[in-house]
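The lines below spell out each chain.
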Amino acid sequence: MWAFSFVVALGAAVAVAGDAAGVAEVDAGGGVAAPPVGEGKSQNIFADIFSQKPEWSAISDVAKGVLNSIGGATAANSDDDESTASLDAVLSAARDMAAASLASRPERSIPQLIEHFKVHFQESQAMLQEAFAHVDFDKLSLAALWYYVEHTESIRTPSWKRRKHRFHDRVETETLLELHDALHLMQIAYLPSQERIEREVSTNFRNGTYETVYAVTKGHPTEPAHFIMMPTKEQQQKRGGDGSVLEIVIAIRGSGDIGDFVSDSMMNATSYRSGKAHDGIKRSGKFLASLHIDKLQELLEVSGRKRAKVTLVGYSLGAGVASIAAIELNDYDFIDAQAIAFGCPALLDLEQSMSTKDYITTIISDSDIITRMSGPSIANMFLDVLSFDWTDMALLDLGLLLDHVGKTFPVDKGLVMKWANDTQTKKYRPHFATIPKERMETELFPPGNCVHLWRNGAGWTGTYTPCSFFDSVEFSRTLVDDHLLESGYHPALLSLAREALGDQNFQFEHDLVGLGDSTT
């Protein structure tokens, strides 16, 4: 059973680290400092970039949605009194509906909570046992893991990565600058209370141009923590437009509670629409969409708007939930849902993943394990580790150690090396041939358009990479760090920004450092 414990511990370690990273302090100020633009050049970075290459049109609407819904594009001011009253009514209605929704959520008793967790935990345990049934973990050793990492890193070098991405379109670094605001939302989502979220959004996010209307900070199995915000009345007036679209942003937190870990571990590919999806995340995304769909329709009626533009932003577990919720919400003709997913787990079968390119963008930091993590991919990884003959590498290290020790103490190197070789021949080498050669077929992939941020040997590069590229775990020393906000996604975007600006001292105004260090 330690196999199950190992996988749960791995997921918990990543999620807990993400939770710790999620309470880091952000400098006041809120926005991304945009790169300098030449005279006469449009300030709408996405519009410029995506008009240059037709093949990028697939994510144009998604990117513009992030810029406009999160970034705060402006238009002519509106002084219409009726419009102002309407905006007041919308925000007031949103707050009232959110309060009513929170009040109506059933308070589970302690026994009910225990039973709720028990049922979902048993399901996730059964799924993991099924996925790893054919893996003999008793033969797994720390030495095998250690040397397998060295082996894979000797293959997947920066040169290997450059070759693999050679014919993929590069993402302009200015485009990725705009994503840092979405990353800021993901950090805010980890704050421990609704009051903290409201204060951070109203004071530090985009200079107070948004206000929070709903927040849940505790996650349960298949019921993720998230918050909802809308542009302030003043911001909506600045944007102007035809007044027919209601803008809403839903930010969904990554794993932070034991209930989230249960959802994570329910990784079996189960039936979803025309294909398959990660079971725990599928349930969570459908829950989120069903939770808010009636309220969205009511808000449209109050506002007199014809359509709701819903931008869902998620990280890790939240990224998958955002993607599924976007699919579900787009079933309604009065909703235009788009999703930005940082570190989204392997979520959909390849055909369904490709079908969501028009409205889902997944950002993947280098070797991020979560984006490649499904039952088959993890089982295949362990089988690869178990079948890797590491004994010659171990003998080489032993020889180097004996040479070093021999400078101080007399050592019969030949005798020790013979003993070690004989031990390995008897104890370890015979089992390598017993490991099955067949591997399970990867069923799930990240959704939509995949933007891969990868280390090129001198810095970082971002390319539009087919989601099928992420069909197996890239076993490296950074596979966990690359998934975290502070050690993975933030440094990648910061490096790209510095390269674009030619300024190695550049910092984002909100630097994702220290949010939550204050006492309240």
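Residues numbered from 1 in each chain as written. Predicted model: local features only at pLDDT ≥ 70, side-chain atom pairs only at ≥ 80, totals over all residues. Heavy atoms only, no water.

Explain the overall build of the protein here, please?
Counting secondary structure elements, the protein contains 19 helices and 10 strands. For the protein, the residues scored as buried account for 54% of the 520 residues in total. For the protein, the proportion of contacts with a sequence separation of at least 24, taken over those separated by at least 6, is 78%. Carbon and sulfur atoms provide 53% of the accessible area of the protein, an area that totals close to 22100 Å². (Helix = DSSP H or I, 4+ residues; strand = E, 2+ residues; numbered from the N terminus. Buried < 20%, exposed > 50% of the residue type's maximum accessible area, 1.4 Å probe, protein only. Contact = heavy atoms within 4.5 Å. Areas by Shrake-Rupley, 256 points an atom, 1.4 Å probe, with all protein chains shown as cover.)

What is the right way to read the environment of Gln507 from this model?
Relative to the helices and strands, Gln507 is located in the segment after α19 (485-501). Overall, the relative accessible area of 36% leaves Gln507 in the partly exposed class. Spatially, the C-alpha atom of Gln507 lies 7.2 Å from that of Leu494, the residues being 13 residues apart in sequence. Here Gln507 is in contact with Leu494 and Arg498, once residues within four sequence places are set aside.

For this particular structure, what's the right way to read the state of the cysteines?
Disulfides are covalent bonds that connect the sulfur atoms of two cysteines. For the coordinates displayed, the defined rule picks out 1 disulfide. Paired through a disulfide, Cys450 and Cys467 show a sulfur-sulfur distance of 2.2 Å. Judged by the sign of its S-S torsion, about 105°, the cystine formed by Cys450 and Cys467 is right-handed. In this pair, Cys450 is assigned in strand β9 (residues 449-455) and Cys467 in the loop between β10 (460-465) and α19, connecting sequence segments 17 residues apart. Under the relative-accessibility criterion, Cys450 is labelled buried at 2%. Under the relative-accessibility criterion, Cys467 is labelled buried at 7%. (Disulfide = S-S within 2.5 Å.)

What is the right way to look at the pattern of salt bridges in this model?
Between side chains of opposite charge, pairing is possible as soon as their charged atoms come close. Per the counting criterion, the structure on display carries 19 salt bridges. Put simply, Asp331 and Arg273 hold a salt bridge, and the shortest N to O gap is 2.5 Å. Within this pair, whereas Asp331 is found in the loop between α13 (317-329) and β7 (335-342), its partner Arg273 is found in the loop between β4 (269-272) and β5 (275-278), the two being separated by 58 residues in sequence. Residue Asp331 is classed as partly exposed on the basis of its relative accessible area, which comes to 49%. (Salt bridge = Lys/Arg side-chain N within 4 Å of Asp/Glu carboxyl O.)

What is the right way to look at the packing of helix α12 (residues 279-303) against α13 in this model?
Where α12 meets α13, the axes come as close as 8 Å, and the angle between the chain directions of the two elements is 55°. With respect to each other, α12 and α13 are oriented oblique. With respect to the hand of their crossing, α12 and α13 are arranged in right-handed fashion. Two secondary-structure elements touch here, α12 through Ile281, Lys282, Ser284, Gly285, Lys286, Leu288, Ala289, Ile293 and Leu296 and α13 through Leu317, Gly320, Val321, Ile324, Ala325, Glu328 and Leu329. Looking at the contact of α12 with α13 residue by residue, the class counts come to 10 nonpolar, 3 polar and 3 charged. (Axes fitted to C-alpha atoms, helices over the stretch in contact; angles between N-to-C directions. Parallel < 35°, antiparallel > 145°, perpendicular 65-115°, else oblique. Left-handed = near helix turned anticlockwise from the far one by under 90°. Nonpolar A, V, L, I, M, F, W, Y, C, P; charged D, E, K, R; others polar.)

Shape descriptors only; they carry no functional weight alone.
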